[in-house]
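Here's the letter readout for the chains.
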Amino acid sequence: MHPILSAKPQEKLLLLGNEAIVRGALEGGLRIGAAYPGTPSSEIGNLLFQLQRELPGLYFEFSTNEKVAMEVAAAAAASGLRSLTCMKHVGLNVAADALMTLAYIGVKGGMVVVTADDPSCHSSQNEQDNRYYARLSGLPMLEPANPQEAREMTAYAFELSERLELPVLLRTTTRVSHARAVVEMGELASYEEALKGKFEKDPKRWVPVPAIARVRHQVLLEKMREATVLADGSQWNRTYGKGSKGIIVSGVAVNYVLDAVEELGLEDEVAVLALGFTHPYPAGLLADFLREKEAVLVVEELEPYLEEAARVVAQERGLKVPIFGKATGHFSRALEFTPGLVKEAIARAFGLSYTPPEAPDLSWVPELPPRPPTLCPGCPHRETYRVVKEVLEELGELSRTIFPTDIGCYTLGLLPPIQMADYLICMGSSVGSAGGFSKATDQRIVSFIGDSTFFHAGLSPLASAVYNRHRFTLVIMDNETTAMTGHQPVPSQELRPPELEDRPRIDIEAVVKALGVPKVVTINPYKKEEAKAAIRPLLEADELSVIIAKAPCILYRARVAKK
Amino acid sequence: MERLRILAVGVGGQGILLFSRVLGEVALSSGTPIAMSEVHGMAQRGGVVETNIVLGGVRSPLISEGEVDILVGLEPAETLRALPRTRKDTVIVSSTDPVIPQIVKDGLATYPDLTEPLQKLQEAYPRVYLFPGEEIAREAGTARALNIVTLGALAGTGLLPFSKEDFLEAIKKIVKPKFLEANLKAFEAGFSVTAS
């Protein structure tokens with residue numbers, strides 16, 4: 001049995017924040033989970049996918065994208081079952097269409113939406129602050145500061161969700177999801193048998209045509225008022241220490257603030273209001289805290305969400321307390337915080353002297369070679385890039401070719417010596433933007449997308465490209481897995497672990513042909529001369545074509561061979 | 001116990017996650033508060049990796065500049081790269097066997113001769129432990145046990161509030177039986193480098 005299942009209540013395990021979320025979900029009675037992987041959320045789905053083999057009462061699937069996953073989880077919750085979906089921050093953009101109206105129709109069974117944000121873009125194309133999705137949708141939000149809270153809040157989130165009949169956002173960041181710490185276990189739910197829900201028809205609730213949507217919006221607003229009361233009294237919103245100065249903080253920065261207050265010896269001067277239930281913000285609690293203080297510093301990564309809430313509360317109550325934060329230049333809206341940065345800002349805000357530790361003289365350290373992440377030695381993507389590049393060179397087309405790219409290991413084709421990645425927005429943008437370039441320029445366009453990304457967001461832009469006569473060559477780099485996030489399954493894969501052998505297979509070439517793409521070839525990128533001959537006519541032509549470069553990820557192949 | 005902040009650095013593929021997992025297990029089984037921050041995802045592909053490990057009730061799982069009590073390096077260039085996060089009395093424990101980046105193999109950058117910088121390193125800090133980690137690991141049975149050699153070297157400094165037996169128990173618990181003997185030998189070899 002997996003240790004996360006065998007651990008008894010009160011037993012302590014060293015868990016990643018993401019693993020703690022899984023344990024919390026299983027304590028909270030999760031029945032149906034669905035996700036599309038994305039760092040820093042991926043371990044949640046991986047673990048649930050693995051654990052369902054040991055738990056007859058748990059179903060988990062990797063859906064083809066976050067929107068599908070959200071809809072699967074929503075339907076489960078509408079049928080009275082507890083459900084969860086998890087995604088990286090930009091994944092919620094994909095699922096946002098579902099989320100915004102799901103907030104209107106709500107849920108019956110508890111539903112948790114985990115959004116794992118990535119300040120400093122450790123593994124992402126932006127560092128958007130998804131707390132604004134709670135504001136935008138009107139849904140309650142919890143923000144754990146560490147793995148222990150991640151476990152407890154996830155279990156609690158199901159109760160909160162059922163009480164309000166709304167999905168609950170659980171927002172982490174990389175430093176919470178990928179923190180590892182001692183976590184004390186609670187009681188696991190029973191998973192001995194599969195439990196079926198029942199969907200009760202109620203079109204006046206579940207079908208938000210305009211007349212119903214207008215009513216449901218009122219229901220949502222009423223629930224937000226109820227949630228504000230819950231936030232005010234929430235056990236996740238706590239005060240530490242005492243004093244005439246105050247700090248309001250949430251997320252991983254709670255740790256930085258509590259350490260700093262202790263290390264600066266400020267426990268009797270600075271009170272800390274650490275918030276875990278942050279949307280709706282606890283207006284009453286904030287007012288009480290602000291009222292007693294001479295000055296308050298708001299410490300939160302990325303956007304000034306709590307800072308602006310504090311300013312609203314102060315204005316509503318006519319409180320004159322100075323509020324420091326992003327607006328006053330104490331913090332930046334960009335990049336993640338560090339303990340030292342927080343310590344310095346606290347000292348500055350409250351006029352304390354603080355000298356950071358003296359840096360040693362390092363003038364003698366030589367220039368060191370960078371280690372940008374690279375495609376693995378032997379990776380099939382390297383071969384595909386080489387084959388395409390050589391043909392374009394031979395055709396004299398290389399310098400006038402635009403290479404739109406997509407999200408996956410192959411984005412590393414950006415780096416020398418490959419340098420075949422010119423334009424990227426988001427999942428699937430290699431296909432949509434290629435069509436745009438084909439109408440806007442006379443340049444040749446060769447774009448790259450992975451197999452998993454193709455199923456995620458490549459199908460509908462390819463249909464659009466066929467219909468609108470876009471002119472480009474799309475290279476689908478089919479390495480038979482979602483490689484970068486840890487080898488999650490893809491509907492097209494032939495090479496699969498034993499537990500997935502009975503799944504149907506969706507053939508990419510057949511799909512592309514069925515969409516009506518005029519020219520399609522499949523190549524083995526390791527057979528260079530054969531591959532070059534096969535793709536040359538496509539790269540010469542001025543019409544839409546698809547090259548499927550099929551060769552398994554070498555790490556994935558080794559992993560499957562071990563099973 | 002005293003608060004202790006350990007920064008472990010290396011290159012993707014050197015097994016830094018196992019290094020920190022074993023250390024975490026030691027802390028957990030001895031009831032010592034511990035928190036860590038790990039790097040996952042894209043950065044693991046041959047890039048610079050680091051694990052921040054804090055002991056003794058530090059809440060922040062991330063270590064700032066000047067806060068590192070012990071810098072542990074699985075690779076010498078990475079040890080040097082992490083020095084801006086040290087202070088004058090940081091203890092340094094590092095392997096000296098280089099891992100040449102792909103970018104150098106592709107002829108796009110150079111990997112400097114580190115003989116002199118590593119000499120300077122020993123002069124600049126009061127306690128510096130350098131050892132050929134990969135060579136020691138190879139002698140113990142597998143070069144892949146560099147991470148456990150380095151863990152042994154860290155344990156041998158006596159700066160951590162754990163006994164040698166605590167570490168050996170944790171290794172037995174975590175490392176697969178097939179690789180256990182080599183890893184136990186690797187730990188012992190690393191331990192004897194720094195224990196005096």
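Residues numbered from 1 in each chain as written. Chains lettered and ligands numbered in written order. Predicted model: local features only at pLDDT ≥ 70, side-chain atom pairs only at ≥ 80, totals over all residues. Heavy atoms only, no water.

K.L.:
Help me understand the side chain of Ser42 of chain A in this model?
P.N.:
Within the secondary structure layout, Ser42 of chain A lies in helix H3 (residues 42–51). Sequence-distant contacts of Ser42 of chain A, defined by excluding residues within four places in its chain, comprise Asn18, Pro37, Thr485 and Gln488 of chain A. (Helix = DSSP H or I, 4+ residues; strand = E, 2+ residues; numbered from the N terminus. Contact = heavy atoms within 4.5 Å.)

K.L.:
I would appreciate a short explanation of the packing of helix H1 (residues 16–29) of chain B against helix H7 (residues 164–174) of chain B in the present structure.
P.N.:
In helix packing, the relevant descriptors are the interaxial angle and the interaxial distance, both defined with respect to the helix axes. Residue and element names in this part refer to chain B. It is at 9 Å that the axes of H1 and H7 come closest, and there the two elements cross at 120°. Overall, the two elements H1 and H7 adopt an arrangement that is oblique. Of the two elements, H1 crosses H7, and the hand of that crossing is right-handed. Each of Leu18, Arg21, Val22, Leu23, Glu25 and Val26 in H1 lies in contact with H7, whose residues at this interface are Asp166, Phe167, Ala170, Ile171, Lys173 and Ile174. Within the contact of H1 with H7, the residues separate by chemical class into eight nonpolar, no polar and four charged. (Axes fitted to C-alpha atoms, helices over the stretch in contact; angles between N-to-C directions. Parallel < 35°, antiparallel > 145°, perpendicular 65-115°, else oblique. Left-handed = near helix turned anticlockwise from the far one by under 90°. Nonpolar A, V, L, I, M, F, W, Y, C, P; charged D, E, K, R; others polar.)

K.L.:
What is the right way to read the nonpolar core from this model?
P.N.:
Nonpolar side chains in soluble globular proteins tend to end up buried together. All names here are of chain A. By size, the foremost hydrophobic cluster in this structure holds 92 residues, and its most contacted members are Met70, Leu142, Ile248 and Leu290. Dropping the residues within four chain positions of it, Leu290 is found in contact with Ile248, Val296, Ala310, Val313, Ala314, Leu319, Val321 and Ile323. Val391, Ile476, Val512 and Val517 belong to the second largest nonpolar core, which has 52 residues in total. (Core = buried A, V, L, I, M, F, W, Y, C linked by side-chain atoms within 4.5 Å. Buried < 20%, exposed > 50% of the residue type's maximum accessible area, 1.4 Å probe, protein only.)

K.L.:
What's the story with a positive patch on the surface in this structure? I'm lost.
P.N.:
A surface patch of like charges, here positive, comprises Lys562 of chain A together with Arg144, Lys176 and Lys178 of chain B. In this fold, Lys176 of chain B is placed in the loop between H7 and helix H8 (177–194). Residue Lys176 of chain B is classed as exposed on the basis of its relative accessible area, which comes to 59%. (Patch = residues over 30% accessible without salt bridge, like charges linked within 9 Å, V, L, I, M, F, W, Y side chains within 5 Å. Areas by Shrake-Rupley, 256 points an atom, 1.4 Å probe, with all protein chains shown as cover. Salt bridge = Lys/Arg side-chain N within 4 Å of Asp/Glu carboxyl O. Lys, Arg positive; Asp, Glu negative; His and termini not counted. Charge placed at Lys NZ, Arg CZ, Asp CG, Glu CD.)

K.L.:
Honestly, helix H11 (residues 253–263) of chain A in this entry has me stumped. Any pointers?
P.N.:
Helical geometry note: an α-helix holds 3.6 residues per turn, so side chains three or four residues apart project in the same direction. All names here are of chain A. Burial of H11 is extensive: nine of the eleven residues sit out of reach of the surface. Among the residues of H11, Ala253, Val254, Asn255, Tyr256, Val257, Leu258, Asp259, Ala260 and Val261 are the ones counted as buried. One or two residues past the end of H11 sits Gly265, with phi positive at roughly 65°.

K.L.:
How should I be thinking about the interface of chain B and chain A in this particular structure?
P.N.:
Much of the literature gives interface size as the accessible area that the parts lose upon coming together. Contacts between chain B and chain A engage 56 residues on the former and 54 residues on the latter. Buried surface at the junction of chain B and chain A, both sides included, amounts to about 4500 Å², of which 62% is carbon and sulfur. Close ionic contact of Arg180 of chain A with Glu38 of chain B constitutes a salt bridge, the shortest N to O distance being 2.7 Å. Where chain B packs against chain A, one counts 18 residue pairs in polar contact (both at pLDDT 80 or more). (Buried area = accessible area lost by both parts, 1.4 Å probe. Polar contact = N/O pair within 3.5 Å; in protein donor to acceptor, adjacent residues only side chain to side chain.)

K.L.:
Explanation requested: the environment of Leu55 of chain B in the structure shown.
P.N.:
Residue and element names in this part refer to chain B. Within the fold, Leu55 resides in strand E3 (residues 48–55). By relative accessible area, which is 0% here, Leu55 ends up buried. C-alpha separation for the pair Leu55 and Leu4, spaced 51 residues apart in sequence, amounts to 5.1 Å. With residues near it in sequence (within four places) discarded, Leu55 still touches Met1, Glu2, Arg3, Leu4, Ile6, Ala27, Thr32, Pro33, Ile34 and Phe162.

K.L.:
Help me understand the sheet that holds strand E10 (residues 245–250) of chain A in this model?
P.N.:
Pairing between the strands of a sheet comes from backbone hydrogen bonds, and it takes one of two forms, parallel or antiparallel. All names here are of chain A. The five strands are arranged E9-E11-E10-E13-E14 in an open sheet whose pairing can be described as mixed. Both outer strands of the open sheet, strand E9 (237–240) and strand E14 (323–324), are each paired with one neighbouring strand and no more. Two elements, E10 and strand E13 (residues 295–299), share five bridges in a ladder whose sense is parallel. Within E13, the position partnered with Val249 by the bridge is Val299. Against the sheet, helix H14 (residues 339–349) engages E10, E13 and E14, with an angle of about 160° to E13. (Pairing = 2+ DSSP bridges.)

K.L.:
I'm lost on the packing of helix H2 (residues 17–27) of chain A against H3 of chain A in this one. Help?
P.N.:
Residues and elements named next belong to chain A. Where H2 meets H3, the closest approach of the two axes is 8 Å, and the angle between their N-to-C directions is 45°. Considering the angle they form, H2 stands oblique to H3. As for how H2 packs across H3, the hand of that crossing is right-handed. Counted together, Asn18, Glu19, Ile21, Val22 and Leu26 of H2 and Ser42, Glu43, Ile44, Leu47, Leu48 and Leu51 of H3 form the full contact between these two elements.

K.L.:
Help me out: how do you make sense of the packing of aromatic side chains in this one?
P.N.:
Given two aromatic rings, one states the distance between the centres and the angle between the planes to describe the pair. Applying the stated criterion to the full structure yields 14 aromatic pairs over all chains. Their ring planes at 85° and their centres at 5.1 Å tell us that Phe60 of chain A and Phe62 of chain A sit as a pair that is edge-to-face. A single burial state applies to Phe60 of chain A and to Phe62 of chain A, both of which are buried. Between Tyr132 of chain A and Tyr305 of chain A, the ring centres sit 6.2 Å apart and the planes meet at 90°, which makes this aromatic pair edge-to-face. Remark: Tyr305 of chain A occurs in helix H13 (residues 305–317) and Tyr132 of chain A occurs in helix H6 (residues 131–137); sequence separation between them is 173 residues. The exposure class assigned to Tyr132 of chain A is partly exposed, which follows from its relative accessible area of 27%. Connected via pairs of aromatic rings, a cluster forms that spans Phe162, Phe167, Phe187 and Phe191 of chain B. In this structure, Arg205 of chain A is placed above the aromatic ring of Trp206 of chain A, and the distance from its NZ or CZ to the ring centre is 4.4 Å. Its end group placed over the ring of Phe289 of chain A, Lys293 of chain A keeps NZ or CZ at 4.5 Å from the ring centre. (Phe/Tyr/Trp six-rings, centres within 6.5 Å; stacked < 30°, edge-to-face > 60°. Lys NZ or Arg CZ within 6 Å of the ring centre and 35° of its normal.)

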